[in-house]
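As a plain string of letters, each chain reads:
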Amino acid sequence: MTAPATSFGNWWHAFVWRFTNPDRFMRWSRWGAPLFAAIAAVLGLAGLWLGFLAPPDYQQGLTVRILFIHIPAAYMCEFVYACLAVASFLSLVFKHMLADAAAQAAAPLGAGFTVLALATGSLWGRPMWGTWWVWDARLTSVLALLLIYIAYMALRASLDDETKAARAAAILGLVGAVNLPIIHYSVVWWNSLHQGTSVVTGKLAAVYLWPVLLLVLAYMSGFGALWLTRIRTEVWRRRAEAAALRAAQTAARA
Amino acid sequence: MAPHDYSAYIWPAYGLTALVWVVFIASSLTAARRWKKRAAELSGKDERAGR
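Residues numbered from 1 in each chain as written. Chains lettered and ligands numbered in written order. Predicted model: local features only at pLDDT ≥ 70, side-chain atom pairs only at ≥ 80, totals over all residues. Heavy atoms only, no water.

Chemist: Can you help me understand the overall build of chain B in this one?
Modeler: Tallying secondary structure elements over chain B gives one helix and zero strands in all. Looking at chain B residue by residue over its 51 residues, the buried ones come to 31%. As presented, chain B carries roughly 3,600 Å² of accessible surface, and 65% of it is formed by carbon and sulfur atoms. (Helix = DSSP H or I, 4+ residues; strand = E, 2+ residues; numbered from the N terminus. Buried < 20%, exposed > 50% of the residue type's maximum accessible area, 1.4 Å probe, protein only. Areas by Shrake-Rupley, 256 points an atom, 1.4 Å probe, with all protein chains shown as cover.)

Given below as structure tokens:
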């Protein structure tokens, strides 16, 4: 029987290592990823069904249905970057392999959501605003986020030394986080063509709000499934490369 | 006044969203299977070599 934690530090250490030990992570993520995928499928189908039942908006007509996929994508591009930034911080401070793998795994997913947010926003904006694009604060800051994601992935790929790549990417990941409050408050700080916050302020009618909320949760759950899968892939990749290096060293000594 | 037909915007938006999710899922599962197999092969060689 192990001695109970006698200090917060001991308790925190035990708590963190419970979830960040790679072997333990691989064990719980094995069922965690499919569970998140199942939740995403159920919520996604429910959200889409409610969305297609929703009546046309008196101003937007049926283009209101683009919001059901645009708003979740827009939330996710920021949420994923927040996850990347937290993982980057943990990687930089604790030099933990799993934190670095998590940050690396999140980047392509975040870039994909950002592309979706921009593209679906553009497809909504053309009939509503009469233009595919406008250089207003919200759209420009989200485009900047996409460029930060691309820069993060390019930086990682450009450095052969994984330790240096992890450190450099983590620093970039943390610096890029300054863009998150800029995106969020862009519609408040500047005169923006993009509408202001409407989901949390109750400005969205319930018949549209429910599909949006269900699809936001579906996207988050789907991201959870994909993120866990990609972190597991990173762990296998690093194990494979370590084993290959050992084999090469053994062959060289023989 | 006849209502506008916005299907030229709505369907591509949903189509692009579906495509991105398919790419996400396919690329994640393909890479996972490849590296899991590779890691298992190399770990097996490690064990046979007595490491």
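Now, onward.
Chemist: What is the right way to look at the pattern of salt bridges in this model?
Modeler: Where charged atoms from two side chains of opposite charge approach closely, those side chains can pair. Residue and element names in this part refer to chain A. All told, the structure shown has eight salt bridges over all chains when counted by the stated rule. With a shortest N-O distance of 2.8 Å, Asp 100 and Arg 156 are connected by a salt bridge. Taken together, the positions of Asp 100 in helix α4 (residues 97-129) and Arg 156 in helix α5 (residues 137-158) put the pair 56 residues apart, joining distant regions of the chain. Residue Asp 100 is classed as buried on the basis of its relative accessible area, which comes to 6%. Judged by relative accessible area, which is 8%, Arg 156 ranks as buried. One salt bridge in this structure joins Arg 237 and Glu 162, with 3.0 Å as the shortest N-O distance. (Salt bridge = Lys/Arg side-chain N within 4 Å of Asp/Glu carboxyl O.)

Chemist: Explain the environment of A:Trp210 here, please?
Modeler: The residue A:Trp210 is located in helix α8 (residues 206-253) in this model. On a C-alpha basis, the gap between A:Trp210 and A:Trp11 in space is 40 Å, while along the polypeptide they are 199 residues apart.

Chemist: What is the right way to read the packing of α5(A) against helix α6 (residues 162-176) of chain A from this model?
Modeler: Two quantities define a packed helix pair, namely the angle between the axes and the distance from one axis to the other. Residue and element names in this part refer to chain A. At a minimum axis separation of 9 Å, α5 and α6 run at an interaxial angle of 165°. Between α5 and α6, the angle is such that the two are roughly antiparallel. Between α5 and α6 lies a crossing of right-handed hand. The segment α5 lies against α6, with Ile 148, Ala 151, Tyr 152, Leu 155 and Arg 156 engaging Glu 162, Ala 165, Ala 166, Ala 168, Ala 169, Leu 172, Gly 173 and Gly 176. When its residues are assigned to classes, the contact of α5 with α6 shows nine nonpolar, two polar and two charged. (Axes fitted to C-alpha atoms, helices over the stretch in contact; angles between N-to-C directions. Parallel < 35°, antiparallel > 145°, perpendicular 65-115°, else oblique. Left-handed = near helix turned anticlockwise from the far one by under 90°. Contact = heavy atoms within 4.5 Å. Nonpolar A, V, L, I, M, F, W, Y, C, P; charged D, E, K, R; others polar.)

Chemist: Honestly, the interface of chain A and chain B in this entry has me stumped. Any pointers?
Modeler: Accessible area lost upon the coming together of the parts serves often as the stated size of an interface. Counting from both sides, the interface comprises 37 residues of chain A and, opposite them, 24 residues of chain B. Interface of chain A and chain B: buried area, both sides summed, is about 2,700 Å²; carbon and sulfur atoms make up 79% of it. At the boundary of chain A with chain B, the tally comes to zero salt bridges. Of all elements in the fold, only α2 (22-53), α3 (64-94), α4 and α8 of chain A reach the threshold of two or more residues within the side of chain A that touches chain B. Here the side of chain A that touches chain B takes 16 residues from α8(A), the largest share from any one element. Partitioned by chemical class, the residues of the side of chain A that touches chain B number 23 nonpolar, eight polar and six charged. (Buried area = accessible area lost by both parts, 1.4 Å probe.)

Chemist: Hey, could you run me through a nonpolar patch on the surface in this one?
Modeler: Residues and elements named next belong to chain A. A cluster of nonpolar side chains, contributed by Val 86, Phe 89, Leu 90, Val 93, Phe 94 and Leu 174, occupies part of the molecular surface with about 530 Å² of accessible area. With respect to the secondary-structure elements, Val 93 resides in helix α3. Of the residues examined, Val 93 reaches a relative accessible area of 45% and is grouped as partly exposed. (Patch = residues over 30% accessible without salt bridge, like charges linked within 9 Å, V, L, I, M, F, W, Y side chains within 5 Å.)

Chemist: So what exactly am I meant to see when it comes to the side chain of A:Glu234 here?
Modeler: Residue and element names in this part refer to chain A. Mapped onto the elements, Glu 234 comes out in helix α8. Residue classification places Glu 234 among the buried residues on the basis of a relative accessible area of 10%. Apart from the residues within four sequence positions on either side, Glu 234 is in contact with Ala 101 and Gln 104.

Chemist: Sorry if this is basic, but what is going on with the packing of aromatic side chains here?
Modeler: Geometry of an aromatic ring pair is reported as the spacing of the ring centres plus the angle between the planes. Scanning the model with the defined rule gives 14 aromatic pairs over all chains in all. Taking 5.5 Å as the distance between ring centres and 85° as the angle between the ring planes, the aromatic pair formed by A:Trp124 and A:Trp129 counts as edge-to-face. One aromatic cluster is present, formed by A:Phe113, A:Tyr219, B:Trp21 and B:Phe24 through successive ring pairs. (Phe/Tyr/Trp six-rings, centres within 6.5 Å; stacked < 30°, edge-to-face > 60°.)

Chemist: Before we go on, may I ask you to explain α2(A) in this structure?
Modeler: An α-helix turns once per 3.6 residues; consequently, residues spaced three or four apart project the same way. Residue and element names in this part refer to chain A. In a regular helix each residue adds 1.5 Å, so 32 residues correspond to 46 Å; α2 covers 45 Å between its end C-alpha atoms and thus fits that length. The largest bend in α2 is about 40°, located at Ser 29. For α2, every residue scored as buried is listed here: Phe 25, Met 26, Ser 29, Gly 32, Ala 33, Ala 40, Gly 44, Gly 47 and Gly 51. Between the side-chain oxygen of the N-cap and the backbone nitrogen of Asp 23 there are 3.1 Å, and the N-cap of α2 in question is Asn 21. (Expected span 1.5 Å × (residues − 1). Bend = angle between axes of the 7 residues up to and from the residue. Polar contact = N/O pair within 3.5 Å; in protein donor to acceptor, adjacent residues only side chain to side chain.)

Chemist: What's the story with the environment of A:Pro108 in this structure? I'm lost.
Modeler: In this fold, A:Pro108 is placed in helix α4. C-alpha of A:Pro108 to C-alpha of A:Val142: the two residues are 34 residues apart in sequence and 15 Å apart in space. Dropping the residues within four chain positions of it, A:Pro108 is found in contact with A:Met153, A:Arg230 and B:Phe24.

Keep in mind these values describe shape, not function.
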